[in-house]
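Coordinates in review
Listed below, chain by chain, are the residues.
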Amino acid sequence: MDWRDHGILLTARRHGETAAIIEVFTETHGRHAGVVRGGASRKIAPILQPGAQLDVLWRARLQEHIGTFQVEPLRSRAAAAFSGRLALSGLNAVVALLSFCLPEREPHPGIYRQTEQLMDLLGQDEIWPLAYLRWELALLEELGFGLDLTRCAVTGTTEGLAYVSPKTGRAVSAEGAGDWADRLLPLPPVLRGQGAAPDDEIAAGLRTTGYFLAYRVAPSLGHTPLPEARARFVDQFTRRL
């Protein structure tokens with residue numbers, strides 16, 4: 001059994017004296033793990049950094065085996081990742097969420113392409129948080145928890161949408177919210193792709209997407225808490241408000 005693909009390195013950990021076990025998010029084979037022989041060596045270890053773009057060849061005797069990877073670097077994102085705390089925390093949040101949320105060996109080409117585009121924006125701190133927010137929206141959609149922000153769930157109007165229902169993920173207008181407004185999640189214009197996307201709106205949007213990741217996606221995976229890397233990124237981003 002073998003296949004070749006390109007992908008984004010999510011995790012790498014030492015295995016024995018000289019090998020490493022890596023997890024790669026590939027376009028056509030999804031999140032996939034394998035052993036890299038010599039992965040702990042001085043030659044290969046520097047290549048195996050989270051976020052790196054790799055060409056990978058996977059081989060195994062049987063499909064269900066963990067198998068082995070041969071890896072070739074296509075693009076390193078280390079310089080961009082270490083350009084500042086926001087970039088590094090953002091990269092860690094992305095790889096942690098993908099490893100946490102995506103089932104093994106299941107292709108998700110749409111979210112793969114969006115992840116690759118997001119990674120290529122690392123280090124551009126003025127635009128990266130907005131791109132990241134849009135990526136979380138796309139991730140929720142991919143996992144079956146997409147938000148319906150087109151019209152009010154109560155009145156049916158498309159005007160004055162100000163909230164998101166934590167139960168249904170649907171938009172609610174200020175009029176439709178009534179006395180329930182304080183129990184609803186914020187719906188800043190940036191979540192609907194409108195306006196100039198100031199940082200305070202992005203932060204409000206992350207509060208809403210974070211709710212659905214924590215209270216919809218995580219329970220569907222067995223009530224596991226979200227990776228702390230996401231909270232660290234949000235904290236790093238909100239410090240600049």
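Throughout what follows, the structure given in this document is the object of discussion.

Positive phi, close to 60°, is recorded for Arg 105, a residue that is not glycine. Checked against the element boundaries, Arg 105 lands in the loop between α2 (85–101) and α3 (109–119). Residue His 223 is not a glycine yet carries a positive backbone phi of 60°.

Burial analysis of strand β3 (residues 30–36) places seven of its seven residues in the buried class, which makes it a mostly covered element. Here strand β2 (residues 19–26) runs beside β3; their pairing, made up of seven bridges, is antiparallel. Note that in β3 the partner of Ala 20 across the bridge is Val 36. Here β2 folds back onto β3 in antiparallel fashion, the turn holding three residues.

In this structure, Pro 129 sits in helix α4 (residues 128–142). Along the chain, Pro 129 and Arg 216 lie 87 residues apart, while their C-alpha atoms are 22 Å from each other. Excluding residues that lie within four positions of it along the chain, Pro 129 makes contacts with Leu 86, Ile 202, Phe 237 and Arg 240.

A separate point is the packing of aromatic side chains. Within the structure shown, the criterion is met by 10 aromatic pairs. Ring geometry for Tyr 211 versus Phe 212: centroids 5.4 Å apart, planes at 80°, classification edge-to-face. Using a relative accessible area of 23% as the deciding quantity, one classes Tyr 211 as partly exposed. Through a chain of ring-to-ring contacts, the aromatic side chains of Trp 128, Tyr 132, Trp 135, Phe 233 and Phe 237 assemble into a single cluster.

For the pair helix α6 (residues 199–220) and helix α7 (residues 228–238), the least separation of the axes is 11 Å and the interaxial angle reads 165°. As judged from the angle between their axes, α6 and α7 are roughly antiparallel. The crossing of α6 and α7 is left-handed. Side by side, α6 and α7 meet where Asp 199, Ile 202, Ala 203, Leu 206, Thr 209, Gly 210 and Leu 213 of the first sit next to Arg 230, Phe 233, Val 234, Phe 237 and Thr 238 of the second.

Taken as a whole and assessed by the stated rule, the structure comprises 10 salt bridges. When the shortest N-O distance is used, the salt bridge between Asp 120 and Arg 75 registers 3.2 Å. Highlighted residues: Asp 120 in the loop between α3 and α4 and Arg 75 in strand β5 (residues 68–75), separated in sequence by 45 residues. The network of salt bridges with shared partners includes Arg 75, Arg 77 and Asp 120.

Here we come to the sheet that holds strand β6 (residues 161–164). Backbone-to-backbone hydrogen bonds join strands into a sheet, with any given pair of strands oriented parallel or antiparallel. Read from one edge to the other, the open sheet built from three strands follows the order β7-β6-β8, with strand pairing classed as antiparallel. Every interior strand has two partners, whereas the edge strands, β7 (171–173) and β8 (185–186), have only one. Relative to β8, β6 is paired through two bridges, and the arrangement is antiparallel. Bridging across to β8, Tyr 163 finds its partner in Pro 186.

Taken together, the seven bridges between strand β1 (residues 2–15) and strand β4 (residues 53–59) define a ladder with antiparallel strand orientation. By the bridge assignment for β4, Ile 8 is matched with Gln 53. In the sheet, β1 pairs with β2 via eight bridges, with the strands oriented antiparallel. Paired with Arg 13 across the bridge in β2 is Ile 21. Counted between consecutive antiparallel strands, the loop separating β1 from β2 contains three residues, among which Gly 16 sits at a positive phi close to 70°.

Here is what the cut-offs are and how they apply
- Residues numbered from 1 in each chain as written.
- Predicted model: local features only at pLDDT ≥ 70, side-chain atom pairs only at ≥ 80, totals over all residues.
- Heavy atoms only, no water.
- Helix = DSSP H or I, 4+ residues; strand = E, 2+ residues; numbered from the N terminus.
- Buried < 20%, exposed > 50% of the residue type's maximum accessible area, 1.4 Å probe, protein only.
- Pairing = 2+ DSSP bridges.
- Contact = heavy atoms within 4.5 Å.
- Phe/Tyr/Trp six-rings, centres within 6.5 Å; stacked < 30°, edge-to-face > 60°.
- Axes fitted to C-alpha atoms, helices over the stretch in contact; angles between N-to-C directions.
- Parallel < 35°, antiparallel > 145°, perpendicular 65-115°, else oblique.
- Left-handed = near helix turned anticlockwise from the far one by under 90°.
- Salt bridge = Lys/Arg side-chain N within 4 Å of Asp/Glu carboxyl O.

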